[in-house]
Amino acid sequence: MMLCFPRKGRVRLMLIFLSLIAMCLVVLYRNSDVPNLSGQHDDHSSTVPVYHRSNGRTHYSDDQDRSLISHMKSKFSQQPVVSKVSGMCTPVSPLTKVDINVTQVYPTLNFYPSQRSYWNQTFENRYVKRRREWANLPLKVIVLPHTHPDPGWLKTYDEYYITSVSYILNNMVKKLNEYKDLTFIWAEISYFSYWWDRLKNQPQVQKTVKDLINNGQLEIVTGGWVMTDEAAAHYHAMIDQLIEGHQWLRTTLGVVPSNAWSIDPFGHSSTIPYLLKSAGMKNMFIQRTHFAWKQYLAEKQQLEFWWKQNFNLFSQNQSHEGDILCHMSPFDLYSIKHSCGPHQKVCLMFDFRRIPGEISETMAEQINKQNVQKQADLLVGQYGRLGSLFPHNVALVLVGDDFRYNHEVEWDQQYKNYKKLFNFINANKDYNVDIKFGTLGDYFQEVHKRMRNLNIDKPPTLLGDFFPYGDVYADGRPSYWTGYFTTRPMWKKFCRDLQSWLRSAEILYSLAKAVVTQQGNAQFLELMHQNYEHLTVARQALGLFQHHDAITGTSKQRVMHDYGQKLFKGFQGTKDVIATSAKVLLFQNMTYKQSVDDRQMSETPKLIPDDKRLYYDSLPEKNVLLVSSSDGQKIVLFNSFPFHRQEVARVLIKNPHVRVVNSSNQEVPSQVNPIWSSSAEITDKVYQLNFLADLLPLSLSTFTIFIREKSIDKKSEPSVSVFVNDALDSSLKNTLFNFQVIHNENIALNSPYLSATFSKYTGLLKSLHLLSQDITSQIETKFLYYNSEEFRSGAYLFQPNPVSPILNISDRFPIVHLIQGHLVSELTTTYPNTATTTFRVYHLDGPLGAGLEIETKFDLYKRKHYNLELFMRLESDLASEDIFYTDSNGFQMTQRIRLDHIPLEANFYPVSTAAYIEDTQARLTLLTSNAHGCTSSQSGNLEVVLDRRLAYDDSRGLGEGVLDNKPTNAHFWLLLEERQRTTSDREIPNLSQLGHALSSILNYPAIVMTFEGSEKYFQRKFLTFVQNPFPCDVHLVNLRTLPTVINFNKPSSSSLLILHRQGHTCHVKSHVPGYCTHYPSKMRLSELSHVQVESVYQTSLTGIHVLQKILQLNDIQIQPMEVHTYNVTFV
Ligand SMILES: [Zn+2]
């Protein structure tokens, strides 16, 4: 495909063209949909009001937005334009024809091998037989020199660069130039680009590097910023780091990778092949899979397969056009000891690196005339055995390891010795072996050639993933790498926070830059150009953290803190970008000079994102607002969703007597809650203001908090009631709130759709009742500890002690606070020294009213004991048997089967965003705000691990336990839904649309900014960028400004618009009437407001390959589950 970036056509397509941003429409906005839920559920909410969405909910004062608003309103009452659309749910059918269905085969595997290696006499016999056929099917060997430079692990990213990586890359240029038949591959663009930038004054070296790439000696594989973790990472960040790497390669080297390389992540995800294929990759290599999978696939000669997606029906053809071919390494690791063949002692004779003073396992002797035949025989024996595992008899042999080739001499040692062996083998025709150095691309080229030309077994198709990863090579008994799904949760959460903030920053930046460009405001444009650097820093911090020793929490403690500082720096930058972008969009008369001139700071209006983190490892806090009695306090909210959302915004205020109005001066529902200064004391210094924000698609909206006189209106008083444990009753003093003792044994929190019942004694959930469907499920939450096995639970591994009992810490008497309000009610339960958990319901008739929100805070650092794994268990009466579902990188859901014949720890799976269980009546979904390990330990249960405190190393190279626990927040939604039968029982597992909606709200909360300055600067208080909302099942993954064609550090006028049509289950009945029930098969791309689009091209995932020009903006189609990328060039 050609590498092309459309920028300047002369055609100005005015507003209409807009884009991809704006899609669809009308369809969603039938009578039954958006507004008008009012009055339907009042009977369920006897004592608290319910806030309904309605046509008249929002009025906007700015003239230029008025016509737009009335336009949108008129849409609300129209019937859908797409005639075929109805309320019928169309299931996404699963792929049926597949050779290897992982979910079905996995339970049948051999989990208890008798030895560390699967190579036995059967394998040996097959090899001997194959060897007799070499005259007809010669052994082809590609020897692939490589290194594995972790961007942080035992040392920080920078330390590794200085001590190893810079030497490796410098040596690479010199030695590849010297040895013309030597090859090398490189994956990590974070390092490559850092090194390249330091070659600025050495253009000759840069030219040599380009020559080496062009002549095929050096291949860039994958081209991601890092070799991403595949368990805890979210698909948004996985795509983002791939774009960062690919765009750097495009602008700097003109390189487009087509083969992917993933040799160290601890298990492999089924989402990765989809992303790689969408980015234009043809082939991929994976390494660390469960020992039982390696044996099974090796026995069947199926270590190479076409890796399919469950929803990709169109690829059910035989040609595999557009499919990705995956090669799974047959042996345990990527080092020479494990890679030359099945016999490690022999392989160690062919690692020729000898560095004075370095301790090494190698048993190699220099190749000379005397020993060359003997050594060649040995080596060909190993390579032959390796080749016998594949129908095509092409062997891929890795020669490298972590940080290899850092010494110049190693290049000579490996090259010269292997070269002698190659010469001898190639010259001796009796071997029937053809051997040479090669890249990953060279290997796959040979494989495809043989598949085309020879009558050999073709690769099977495979569906599924490779979690969990279990090894047996290290200890001679199965060890499960399921601890890292949870390890260091505070960083996992911070990473997700950065992802959310960066996404908002990207979208706002792209729009603001287009606006100021079109306005011709040179000063603002300059400001936007300066801010691009913040975006780059944040992109690269987020990208770096997807590395398989970063988000996994498996680096040394001080390295984790280095990552934390980088995340923090990126996070601070995104706040600047968001504030600057919003300012240039909303304010006027604010010249660039004013905004940077200190002398006029008091005059300079400011928007301050309301997320204050004092240090890189502190939890987010909020600013306390002093509301002015004259002007009030303005709050600006950014809705990054391309459709309407309802949010309950929270800010801290000093004066509790307030009211809140929206940008058309209408008062919105609000509620003032007390703040607990300790578990038994309320402060009278600060209060939490909650207010309802109805936000239009892709919009900035201003709300104003006003002080109101106490005496004027009774309603001005905080109207919440506070209930407490008996023991606290007498100690609480605060005139604002009405304190009561909890009398009933059960505490109820009711929303319009559900009633949640809690025990007064434990303060924890007992049951959920769905009101409209009259379904009740007994669901108990518990907080428990596993005692871990010493040295067997560490940063990577998880192994609970089988004889130590599980500690229930939620069976004692907690401190319980209940706040009953008219907007939101919440129950907070504190177990001293363990966890504080808040359960919350919203008295709203949109998605927020549909589930139970759970926030829990914990700090295991306070614990004196070690080797504990804190987890939350949901024990329900759902007859889910041994089936449960977990998400894959937040992109799709996967069925899991609990296997009782393997240990508990082997039944844990990674969860990034969601897990659910179900029976014929109901489904129970747990949505998460960051990655966790998760299982269903018995029918009806779901368990998520919250944190781990481990004294000892688990012998996987880290050399440390995990003792640097931090105060951490974990945030969940619990959703009970009724199941329903449909015409088709076959569909891929997926969340309901309601599940997707709550997951999006959880992962991408609206950005809240407080305003400082004079009101005169406000040019407008409201701004929306789309004239019609997108379909409610289309997630705006990103709108990310691209660099210019020639300069990676400069923003262009093009952005990548990435859309994911999420799909949804048809087997669940929505209990929010009318919510998102209509799905057009096509999307209408209509107008973007305030920005003009010049051209739109559909591209590959990372914007590298141009697929087609989008001319007909009325019939964009994205099939459910698919991610599409468009290059949108603004005028
Ligand atoms: Zn690694």
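Above: the structure in question.
What you are looking at is a predicted structure, and each value in this text was computed from that prediction instead of being measured.

What counts, and at which threshold
- Residues numbered from 1 in each chain as written.
- Predicted model: local features only at pLDDT ≥ 70, side-chain atom pairs only at ≥ 80, totals over all residues.
- Heavy atoms only, no water.
- Helix = DSSP H or I, 4+ residues; strand = E, 2+ residues; numbered from the N terminus.
- Contact = heavy atoms within 4.5 Å.
- Areas by Shrake-Rupley, 256 points an atom, 1.4 Å probe, with all protein chains shown as cover.
- Phe/Tyr/Trp six-rings, centres within 6.5 Å; stacked < 30°, edge-to-face > 60°.
- Buried < 20%, exposed > 50% of the residue type's maximum accessible area, 1.4 Å probe, protein only.
- Lys NZ or Arg CZ within 6 Å of the ring centre and 35° of its normal.
- Salt bridge = Lys/Arg side-chain N within 4 Å of Asp/Glu carboxyl O.
- Donors = N, O, S within 2.8 Å, 3.2 Å for Na, K, Ca; no water.
- Tetrahedral: all angles 85-135°; square planar, octahedral: opposite > 155°, others 65-115°.
- Polar contact = N/O pair within 3.5 Å; in protein donor to acceptor, adjacent residues only side chain to side chain.
- 1 Å grid on protein atoms, 1.4 Å probe; cavity = no way out; pocket = protein on both sides within 12 Å on 5 of 7 lines; lining within 4 Å.
- Points joined across faces, edges and corners; volume = space filled by probe spheres on them.
- Nonpolar A, V, L, I, M, F, W, Y, C, P; charged D, E, K, R; others polar.
- Pairing = 2+ DSSP bridges.
- Axes fitted to C-alpha atoms, helices over the stretch in contact; angles between N-to-C directions.
- Parallel < 35°, antiparallel > 145°, perpendicular 65-115°, else oblique.

(A) Spotlight on the overall build of the chain. Scanning the chain from terminus to terminus reveals 19 helices and 50 strands. Partitioning the intrachain contacts of the chain with sequence separation of at least 6 by distance along the chain shows that 77% fall at a separation of at least 24. Within the structure as shown, the chain displays about 39,100 Å² of accessible surface, and the carbon and sulfur contribution to it stands at 49%.

(B) Spotlight on the packing of aromatic side chains. Overall, the coordinates contain 60 aromatic pairs when judged by the stated rule. On the numbers, 4.6 Å between centres and 5° between planes, the contact of Tyr 157 with Tyr 191 is stacked. Of this pair, Tyr 157 sits in helix H4 (residues 157-178) while Tyr 191 sits in helix H5 (residues 189-197), and the two are 34 residues apart along the sequence. When its relative accessible area of 7% is taken as the criterion, Tyr 157 is described as buried. Aromatic rings pair up to connect Tyr 106, Phe 111, Trp 293, Tyr 296, Phe 305, Trp 307 and Phe 466 into one cluster. Over the face of the ring belonging to Tyr 194 we find Arg 198, whose NZ or CZ atom lies 3.6 Å from the ring centre.

(C) Local environment of the pattern of salt bridges. Under the definition given, this model contains 50 salt bridges. A salt bridge links Arg 539 to Glu 506, with the nearest nitrogen and oxygen atoms 2.6 Å apart. One end of the pair, Arg 539, is in helix H16 (residues 522-545); the other, Glu 506, is in helix H15 (residues 489-519), with 33 residues separating them in the sequence. Here Arg 539 and Glu 506 have matching classes, each one buried. Residues Arg 873 and Glu 943 are paired through a salt bridge, measuring 3.0 Å at the closest nitrogen-oxygen approach. Taken together, the residues span a long stretch of sequence, with Arg 873 in strand E34 (residues 868-876) and Glu 943 in strand E41 (residues 941-949) at a distance of 70 residues. According to the relative accessible area criterion, Arg 873 is buried, its value standing at 12%. Here the salt bridges do not stand alone but share partners, grouping Lys 174, Lys 175, Glu 178, Glu 408 and Asp 412 into one network.

(D) Quick look at the coordination of the zinc ion. Note on the zinc ion: its protein donors are His 148 (NE2), Asp 150 (OD), Asp 264 (OD) and His 548 (NE2). The metal-donor distances range over 2.0 to 2.1 Å. In this structure, the zinc ion is coordinated by 4 donor atoms arranged in irregular fashion, with angles at the metal of 90 to 158°. Linear spacing of the donor residues for the zinc ion on their chain is H-x1-D-x113-D-x283-H. Here His 148, found in strand E2 (residues 139-148), pairs with Asp 264, found in the loop between strand E5 (259-262) and helix H8 (271-278); they are 116 residues apart in sequence, far enough to count as distant. Like His 148, the residue Asp 264 is buried in the burial classification.

(E) Representation of the side chain of Gln 688. Position of Gln 688 among the secondary structure elements: in strand E21 (residues 681-695). Residue classification places Gln 688 among the buried positions, given a relative accessible area of 17%. Within the local environment of Gln 688, its side chain forms a polar contact with the side chain of Asn 690, the two groups lying 3.3 Å apart. Not counting chain neighbours up to four residues away, the residues in contact with Gln 688 comprise Arg 650, Val 651, Leu 652, Gln 671, Val 672, Asn 673 and Ile 675.

(F) Examining the environment of Arg 488 more closely. Assignment of secondary structure puts Arg 488 in the loop between strand E13 (479-480) and H15. For Arg 488 and Thr 968, which are 480 residues apart along the polypeptide, the C-alpha to C-alpha distance reads 9.2 Å. Leave out the neighbours within four places in its chain, and Arg 488 touches Gly 553, Ser 555, Gln 557, Met 560, Glu 960, Gly 961, Val 962 and Asp 964. Engagement of the side chain of Arg 488 in a polar contact is seen with the backbone oxygen of Gly 553, the distance being 2.7 Å. Side-chain polar atoms of Arg 488 contact the backbone oxygen of Ser 555, separated by 3.0 Å.

(G) Spotlight on empty space enclosed by the protein. A full pass over the atoms with the stated rule returns 17 cavities of 30 Å³ or more. In this model, the second largest cavity occupies a volume close to 220 Å³. Lining the second largest cavity are 20 residues, and of these Gly 890, Thr 913, His 996, Ser 999 and Gln 1062 lie nearest its centre. Residue assignment for the lining of the second largest cavity shows that the elements contributing at least two residues are strand E36 (892-897) and helix H19 (993-1003). When residues in the lining of the second largest cavity are grouped by element, the largest group, 4 residues, is from H19. Its residues placed into classes, the lining of the second largest cavity shows 7 nonpolar, 12 polar and 1 charged.

(H) Summary view of the pairing of strand E31 (residues 824-831). In terms of burial, E31 is largely enclosed, as 8 of its 8 residues are buried. Where burial is concerned, the two faces of E31 agree: the one with Val 824, Glu 826, Thr 828 and Thr 830 and the one with Ser 825, Leu 827, Thr 829 and Tyr 831 are both buried. Between the end of strand E30 (residues 815-820) and the start of E31, which pair antiparallel, lie 3 residues. Where E31 lies against strand E32 (residues 835-842), 8 bridges are found, and the strand directions are antiparallel. The residue of E32 that forms the bridge with Glu 826 is Arg 840. Count of turn residues in the E31/E32 antiparallel hairpin: 3 residues, of which Asn 833 carries a positive phi of about 65°.

(I) Geometry of the packing of helix H3 (residues 121-131) against helix H12 (residues 372-387). In contact at an axis separation of 9 Å, H3 and H12 are set at 100° when each is read in the N-to-C sense. Between H3 and H12, the crossing angle belongs to the class labelled roughly perpendicular. Of the residues in H12, those in contact with Glu 124, Tyr 127, Arg 130 and Arg 131 of H3 are Val 380, Gly 381, Gly 384, Arg 385 and Gly 387. For the contact of H3 with H12, the per-class residue count stands at 2 nonpolar, 3 polar and 4 charged.

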